[in-house]
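As a plain string of letters, each chain reads:
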Amino acid sequence: AMLGWDVYLYRHREASPENLLARWTSRSLGIGWLDALVAQGAAQDLGGSGYPCLYCARAGVLLPLIAPETSLRGYPPPLLPISALLPANLGGLHWHLDRLADCPPDEELLVHAFDQS
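Numbering of residues starts from 1 in each chain and follows the order in which that chain's sequence is written. Thresholds applied to this predicted model are a pLDDT of at least 70 for local features of residues and 80 or more for the giving and counting of side-chain atom pairs; totals over whole chains, interfaces and linings are not thresholded and use all residues. Only hydrogens and water are set aside; all other atoms, that is, all heavy atoms of the structure, feed into the side-chain values.

Chemist: Mind showing me how you'd approach helix 1 (residues 32–39) here?
Modeler: In an α-helix, one turn spans 3.6 residues; hence positions three or four apart end up facing the same way. Three labels apply to residues, based on accessible area from a 1.4 Å probe with only protein chains included: buried if under 20% of the type maximum, exposed if over 50%, partly exposed otherwise in between. For helices the rule is a DSSP run of H or I covering at least 4 residues; for strands it is a run of E covering at least 2, with both sets numbered from the N terminus onward. Every buried residue of helix 1 is listed here: Trp-33, Leu-34 and Leu-37. Down the axis of helix 1, the buried side of the element spans an arc of 105 degrees, and every buried residue falls inside it. Those residues of helix 1 that are buried lie in contact with strand 2 (20–26), strand 3 (43–48), strand 4 (53–58), helix 2 (59–66) and strand 6 (108–115). Downstream of helix 1 by a residue or two, Gly-41 has a phi angle that is positive, lying close to 80 degrees. Summarising the geometry, the arc corresponds to the directions from the helix axis toward the C-beta atoms. Residues count as neighbours in contact if any of their non-hydrogen atoms are within 4.5 Å of one another.

Below you can see the structure in the form of structure tokens.
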């Protein structure tokens with residue numbers, strides 16, 4: 001059975017340490033919200049086997065759902081109800097707030113989601 005996901009969020013669609021915006025762990029439903037954004041046409045599923053699964057979307061789509069509200073002045077409202085995230089039980093959410101402050105809404109971000117099983 002799937003244990004959950006280790007999720008990493010990067011700036012500039014590039015998975016390098018200096019581009020890491022956030023990381024967290026979630027339970028087994030933890031990337032359903034990304035699939036919901038893909039279904040809306042608001043995010044792109046770049047494939048991957050779970051080691052990792054890859055997604056990209058604009059900061060203006062991703063960050064209103066997961067980032068601290070205080071850092072998002074000028075961002076649009078979330079595209080999904082926050083309840084869409086609640087089953088994910090986001091744990092150990094670590095932000096690089098200095099990088100987040102520099103992130104414009106139209107910037108493309110990259111998500112790596114690693115299956116923990």
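Chemist: Explanation requested: the packing of helix 1 against helix 2 in the structure shown.
Modeler: Angle between the axes and distance between the axes are the two parameters that describe a pair of packed helices. Packing of helix 1 against helix 2 leaves a shortest axis separation of 12 Å and a crossing angle of 145 degrees. The hand of the helix 1/helix 2 crossing is right-handed. Facing Trp-33, Leu-34 and Leu-37 of helix 1, the residues of helix 2 in contact are Val-61, Leu-62, Leu-65 and Ile-66. For this classification, the nonpolar set comprises Ala, Val, Leu, Ile, Met, Phe, Trp, Tyr, Cys and Pro, the charged set comprises Asp, Glu, Lys and Arg, and every other residue, Gly included, is treated as polar. The residue makeup of the contact of helix 1 with helix 2, split by class, is 7 nonpolar, no polar and no charged. To get an axis, a line is fitted to the C-alpha atoms, and for a helix only the part in contact is used. The angle between two axes follows their N-to-C directions and goes from 0 to 180 degrees. Handedness of each helix crossing follows the sense of rotation of the near helix against the far helix: counterclockwise by less than a right angle gives left-handed, clockwise gives right-handed.

Chemist: Help me understand the pattern of salt bridges, please; the structure alone is not making it clear to me.
Modeler: If charged atoms from side chains of opposite charge come close, those side chains can pair. Every case where a carboxyl oxygen of Asp or Glu lies within 4 Å of a side-chain nitrogen of Lys or Arg is listed as a salt bridge. Within this structure, the stated rule accounts for 2 salt bridges. One salt bridge in this structure joins Glu-107 and Arg-11, with 2.5 Å as the shortest N-O distance. Of this pair, Glu-107 sits in the loop between helix 3 (97–101) and strand 6 while Arg-11 sits in the loop between strand 1 (5–10) and strand 2, placing them 96 residues apart in sequence. For the pair Glu-107 and Arg-11, one class covers both residues: buried. The closest approach of N and O atoms between Arg-13 and Glu-108, which form a salt bridge, is 3.9 Å. Of this pair, Arg-13 sits in the loop between strand 1 and strand 2 while Glu-108 sits in strand 6, and the two are 95 residues apart along the sequence.

Keep in mind these values describe shape, not function.
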